[in-house]
Amino acid sequence: MDFPILSAITFVPLVGALIILVFKKGQEELIGRLSIAFAVVPVLLAILLWVNYDQDLGGIQFQEDYEWIPVLNSRYTMGIDGLSLPMVMLTSVLSLLAGLYSNFTIKERVKEYFISLLLLEMGMMGVFLSLDFVLFYVFWEIGLVPMLLLIALWGGPRREYAAIKFFLFTLAGSVLMLLAIIAVYLKTDTFNIIEAAAAQPWADNIGAASLAFFGFFIAFAIKLPSFPIHTWLPDAHTEAPVCGSVLLAGVLLKLGAYGLVRMPLSMFPQVFGRFVVDIPILPILAVISIVYGAMVCMAQWDLKRLIAYSSVSHMGYVLLGLCAGAAGIYLGGDYLESANLGLNGAAMQMFTHGVTTGGLFFLVGMIYDRAHTRELRDFGGLGVQIPYYYGMMLVTCLASLGLPGLIGFWSELFVFRGAFGTIPLYAIIGGLGIVFTAGYILWKIVQHMFLGQPKERWASLPDMTSWEKATLWPLVVTMVIFGIYPMPILAPINGFMHSLVENLAQILH
Amino acid sequence: MELPLLSIIVFSPAVGALIIMALPKHRHNDIKLVAAIASAISCLGSIYAFFTYDTAAGGIQFEEQFAWIPAIGTSYHVGVDGISLPLVLLTGVIIFAGVLVSWVREQRPREFFALLLLLVTGVFGTFVALDLFLLFVFYELAVLPMYLLIGIWGTTRKEYAAMKLTLYLLIGSSIALAGVIVAYVDAGLGTFDLLKLAEAGFEPGLQTLLFLPIFVGFDVLGGLWPFHTWSPDGHVAAPTAVSMLHAGVLMKMGAYSALRVGVLLLPDAAQVWLPWIVILTVINVVYGATVAFAQRDFKYVIGYSSVSHMGYVTMGVATICALGSSPEGAQLGLSGAVMQMFSHGVMTGIFFAVVGLIYRRTHTRQLPELGGLARKLPLVAAAFIIAGLSSMGMPGLSGFVAEFQVLMGTYKAFPLVAILSLIGVVVTAAYILRFTYMVFFGPLKEEFRGLPPISAAEKFALAFMCIFIVGFGIAPGYILQIIHTGVSEFLAAIQ
Amino acid sequence: MDLALTAWQLSPELVLLVAGLVIMLVDALRPRESDSGWAPYAALAGLAAALVASVSLLGREPDVVLGVLAVDGLSLVAKMLALVAVAIVVLFSGPFMKERASRRGEFYSLLLFATLAISILTGASDIVLVFLGLDFLSIASYVLTGYVRESKRSSEAAIKYFLYGATLSAVMLYGLSLLYGLTGSTSLDGVAAGLAGGSVGNGMILAVLVLVMAGLGFKIAAVPFHQWAPDAYEGASTPVTAFLSLGPKVAGFSVLARFLYFAFPGEVQTNWVALLFALSAVTMTVGNLTAIWQRNIKRLLAYSSIAQAGYLMIGVASLSTGGLVPLLFYLGAYLFANLGAFAVVVAMSRGQSGEDIGDYAGLAQRSPGLALAMLLFLLSLAGIPPLAGFVGKVGLFLSAVDRGLIGLVVIAVVNSVISLYYYLQVVRQMYLLDPQRDEDVAVARPVRATVLVSVVGVVLLGIVPMLLLPLIEQAAGAIIPGS
């Protein structure tokens, strides 16, 4: 198909933002509707992509390649494959839902808000679709500022602090990444991500390769976020406006994970493997994220902060899965199958977490709107008073927990299958995390909020409105349907991971 | 005869200055009008030159040469190439914006605008001079108006700052002059012509001896650590338009001359000394940024940010050390340096204009006393944020184009330096954010509720400068072409 | 001997002599009460005539009149510089002297006699004539310094000047007689021949040089023979100060150049070059550093003149590599700048004392033209382009480096920056501070004319030095090849 569908997906939000620019104050409704319209288009295009993506063929499809900055040898190259396809879908859907939700909740400086939202969507899409390092970096950076604005202008009481912290942490990471990109370019003479990975720079010099590896790794680990550089996250999530948190947790964190697969894993598999198997720094970080994250959740009384820390924990699973994959590739032979599983799990968890945590943040926003508090102690017995909400929340929580039958189950299953096969010790420790997760979800959230005696205070609390339901249903449906039948998501991911594992194994052995 | 475009650009401000001095001192509007017209002529001329430069042909264009003092071997020889052309454009932009920003100046406007225009003649002349004697004449011509501009119309400790600045700059340029004279005599050609002297070549021993006086002598004006101390005080004391010119253009004059004279004439010595000098530039970048972060006075923040960002320029120049091993690295590094000169020039012009605008209204420069101004002056905030993002290297703005190239080149030549300089980027982001937050966001103080809004002249000046930052950020192709042409020729010349 | 030719060659001197005598006599013969307003004009006429005579002599083959007085490019150009200088002094001294002295005819004749002495000195090729000329000049200078008899300061300055001068003259005479004893000749060529054999030891030559330098250094106010200058400059009336800052310097440097180059050529040269290096460096530095503390403008300009002598000595040190041309050019630049500065001082001192720097406060607002002129003069003295001083300094540096005196150039460069500091103090007063008084400064027409001429000189020679340079080059090249 000749139509540059990928560019369209990426830049349609930009067009929307530019059009909104000319609107004046007083036309908020129109702005809101227009934003939704511009957010719908990428969703439709994403569906189109999904349907037309040839699973059997696999690999990069719908590639676009134009000259861009000749003096730097950087080209405008976009493409989509099994890894980015679910991510694109996730991004477009969450952005649409966020736009929808914002229509009803954001009343101040509406114009700037929707412009930021649309620009953010563009940045996120661009990162997933770029196949050129410079392009990747540009989109990565472009996504920072709208998020900064979203937090700083529409956020909670400590928003400026949280926004600046977010920005600086991420910038520090991207600056490291920039250096690593430059180093790779100078070594491989190309800015094309796929080509650079194929070239396997410094394959013979493990020292130099490690430096470049960590350049990328640290940058993406900040975004993931992984312990110990996760400290920006709780504040950012807590202070951000609802949709900011949704997109931050739902998509932005996945940028980190995506980057980890595309760059450190694909380019320096032996370094990754070394630091998982021989010098197990990375799996240690992963399990600490999982367990520590979960334990901190247990101690939280602010619902939003709790969910924020749950992201740390859940993204730890992603890292664990990646470690499993790297280990398997590194060890080769029989371990390859486990590697494949582990990686599948990681990628699936990217999708899953986006859906579930996105939903959770929406739900937090909804309760805060009504009750004007997020303190778990304040709640109780809501199950009786707002049953619809309770139902949605319960499903989402259980999906986050990994209950079989819901989407979370599959990603956790694969991660642990893979981990047990390659790095069993860490799988066991990580498994602890599941226990804690169940703990905080069931005990802290479900019990405190919904069970027990209903409180006088909440007697007249309204249940979900129609648009709130409209926001949440797509997510819940996803959680259920793909929980029962995960193949549509799993297939492209597996296709990608399978060939990745094969390729890397071949290179290494 | 062809139109002597460069001479028009250079001397139009001087002519304007003369006309202004002839006007009676109370006719403020006429004075400002003449200033605006004179600077507009130069600005338009530089834009015209910029867009009609033939990149395919390259080399020196718009050349003019007349005999001047044959006794010493100096001629009036001017021309631009890919390296000096962006700087000429920069000067045109900044002076025009500077005149607009100074429109409300009521204290002795006649002398003020006359001196401002005279200063800019010196700057233009330095960038286009192809004869060393001529270069010095223009270089030093710019120094004295600075003294008077800061000393008469300045603020904090103006006399001290003015004297310090003048003496520092003069010492630096005098030492460079001494070095140049020695080179002149050694070449034995009896000419000050830059191109001829460059061809002459000097023996390595002499080069090594002369390089430091000439390069560092000029780069004092470029703010090279530890000779930068005149800069923050000078920046802060100077009135707004003067700060814009000072940080935006004058400092580039120093770095440019260091490159054009020091490196072109003494390339072998450059290879020897620059690896040491590059250490100084890292200190510039990191130290400058760190000190900027610690300031309470927001003009000092910007002053130190200039010291920091000029470090990237000299850093990029230093990448020519990689010429042997990786010509591409040197090409990128040097191009980045030139681009940074342009980008930072405009960016800091915006910064100082914003600072001046705010100070004029709030009469305070202390960060803790400001706040919430985005509500009253949204366009000012927007302009500052654009410039601020550019200074952090945000893609889509000209600063990214510059820093990316410098980084690439530096990594090739001095990998450790590149890594260390990144610290500067993060600290830069920190102080920019701190500034933005403390000045523009947060609660609006009672006393600021009635601030006068931005005037048309100020609006135009800011928008004009922002166009270049954004335009060359999104579509850097044209300017990069020009710069790359100039840089390749320069590198070829020194090999 | 061709009397007509000799007369022509000596015409400048003769004109000056006659003019001086005429003025003196007429003034003596006229009644006491009558106005002496005609005197300046008569003096100017005399100077103009002498100038015409000098110009007419240009371009001819160098010649030595009566075996003692050279008529060549150096002497003619220096003579012309001196004549122009004194003419300017006469011009702006008119109103000034009118206020202070009733009988002024003597003043002008004294000036003309002094100029005569200078004129002789520019061409003196015999050590006896050198000494005679110097003493003649000195005596005229002493009297001029003390001219305004009523002022105690003037008298004190004159006495100091006289005492110093007499002592140093004696020292120089001793040196000169030693020279005669060693070489058996009083003409410069004869001396050179006498020293050529190498029969005289280096130490002896150095000693002689130092002794002679005492007298010459005294005239040009070089360190350490400069002590008289600040007091004399401050004490004398301003036009005389202006004259003192120019006239003796022109004379002194002409003698110095001619003396050293012709009497001590060859290997002996290294001796005096080294001596001059040292003297120049010390003079510049001491002059500049001391100037920093001065609050009296005339003292400041005095120390500035001392420093300027230092720069000029660079030209002498590099005579063999073409230093003569920049030396003469710089003298011209210095002439306009210094005289202009003193003219401004004269303008400022009408009525009040006006000699403290503080009196210049806010001058830019009281009288912008005057302030601008002063600014240009000071900048030219500092060597800032595009003024004449810069071109001159670069020229001096070029020949110095060519001679290998890089260290001296570095010292000179540093000194220029130091000098800028104290020149800027005056600028600071004029521009940065607000005026103490409000009234405009009334400037008499002749003074105004002087200032204007000086400004034109300083600016024009800076931007188009080719107006003067070819003349100097041609003239200098005739005597010292390679100039």
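The following refers to the structure shown. What you are looking at is a predicted structure, and each value in this text was computed from that prediction instead of being measured.

## Section: the overall build of chain A
Step number 1: Along its length, chain A carries 20 helices and 2 strands.
Step number 2: For 509 residues, the compact-globule estimate of 2.2 N^0.38 gives 23 Å, and the C-alpha radius of gyration of chain A, at 22 Å, lies within 12% of that figure.
Step number 3: The principal-axis extent of the C-alpha atoms belonging to chain A is close to 70 × 55 × 40 Å.
Step number 4: Burial statistics for chain A: of 509 residues in total, 66% are counted as buried.
Step number 5: Considering only contacts within chain A whose residues lie at least 6 apart along the sequence, 82% involve residues at least 24 apart.
Step number 6: With an accessible surface of roughly 16700 Å², chain A has 65% of that area assigned to carbon and sulfur atoms.

## Examining helix 9 (residues 202–220) of chain C
Residue and element names in this part refer to chain C.
Step number 1: With 19 residues, helix 9 ought to run about 27 Å at 1.5 Å a step, and its terminal C-alpha atoms sit 25 Å apart, in line with that.
Step number 2: Its maximal kink placed at Ala214, helix 9 deviates by approximately 30°.
Step number 3: Downstream of helix 9 by a residue or two, Ala221 has a phi angle that is positive, lying close to 60°.

## Looking at the side chain of Ser380(C)
Residue and element names in this part refer to chain C.
Step number 1: As for its placement among the helices and strands, Ser380 is situated in helix 16 (residues 368–382).
Step number 2: Using a relative accessible area of 2% as the deciding quantity, one classes Ser380 as buried.
Step number 3: The contact partners of Ser380, leaving out residues within four places of it in the chain, are Ala337, Leu387, Ala388, Gly389, Phe390 and Val458.

## Remarks on the interface of chain C and chain B
Step number 1: Contact with chain C, which involves 35 residues of that partner, is made by 34 residues of chain B.
Step number 2: When the two sides are added together, the surface that chain C and chain B hide from each other amounts to roughly 3000 Å², 81% of it contributed by carbon and sulfur.
Step number 3: The largest contributions to the chain C side of the interface with chain B come from Leu398(C), Val417(C) and Leu432(C), which together make up 20% of the buried area.
Step number 4: Linking chain C with chain B are 1 salt bridge.
Step number 5: The salt bridge partner of Arg428(C) is Glu159(B), with a shortest N-O separation of 2.2 Å.
Step number 6: In this assembly, chain C and chain B are joined by 3 residue pairs in polar contact (both at pLDDT 80 or more).

## Describing the environment of Phe114(A)
All names here are of chain A.
Step number 1: Topologically, Phe114 is positioned in helix 4 (residues 110–129).
Step number 2: Owing to a relative accessible area of 2%, Phe114 belongs among the buried residues under this scheme.
Step number 3: With 180 residues separating them along the chain, Phe114 and Ala294 place their C-alpha atoms 34 Å apart.
Step number 4: Not counting residues up to four positions away in its chain, the partners in contact with Phe114 are Ile20, Ile31, Gly32, Ser35, Gly99, Ser102 and Asn103.

## A word on the packing of aromatic side chains
Step number 1: Inspection of the entire model under this criterion finds 72 aromatic pairs over all chains.
Step number 2: Their ring planes at 75° and their centres at 4.9 Å tell us that Phe214(A) and Phe275(A) sit as a pair that is edge-to-face. On the criterion of sequence distance, the pair formed by Phe214(A) in helix 8 (residues 206–223) and Phe275(A) in helix 11 (residues 269–277) is long-range, its members being 61 residues apart.
Step number 3: The class of Phe275(A) is buried, set by a relative accessible area of 9%.
Step number 4: Centroid distance Tyr422(C) to Tyr423(C): 4.7 Å. Interplanar angle 55°. Geometry classified as tilted.
Step number 5: These aromatic residues form a ring-pair network of at least three members: Phe50(B), Phe51(B), Phe96(B), Phe342(B), Phe460(B), Phe464(B), Phe468(B), Phe472(B) and Tyr478(B).

Cut-offs used in this document
Residues numbered from 1 in each chain as written. Chains lettered and ligands numbered in written order. Predicted model: local features only at pLDDT ≥ 70, side-chain atom pairs only at ≥ 80, totals over all residues. Heavy atoms only, no water. Helix = DSSP H or I, 4+ residues; strand = E, 2+ residues; numbered from the N terminus. Rg over C-alpha atoms; globule rule 2.2 N^0.38 Å. Buried < 20%, exposed > 50% of the residue type's maximum accessible area, 1.4 Å probe, protein only. Contact = heavy atoms within 4.5 Å. Areas by Shrake-Rupley, 256 points an atom, 1.4 Å probe, with all protein chains shown as cover. Expected span 1.5 Å × (residues − 1). Bend = angle between axes of the 7 residues up to and from the residue. Buried area = accessible area lost by both parts, 1.4 Å probe. Salt bridge = Lys/Arg side-chain N within 4 Å of Asp/Glu carboxyl O. Polar contact = N/O pair within 3.5 Å; in protein donor to acceptor, adjacent residues only side chain to side chain. Phe/Tyr/Trp six-rings, centres within 6.5 Å; stacked < 30°, edge-to-face > 60°.

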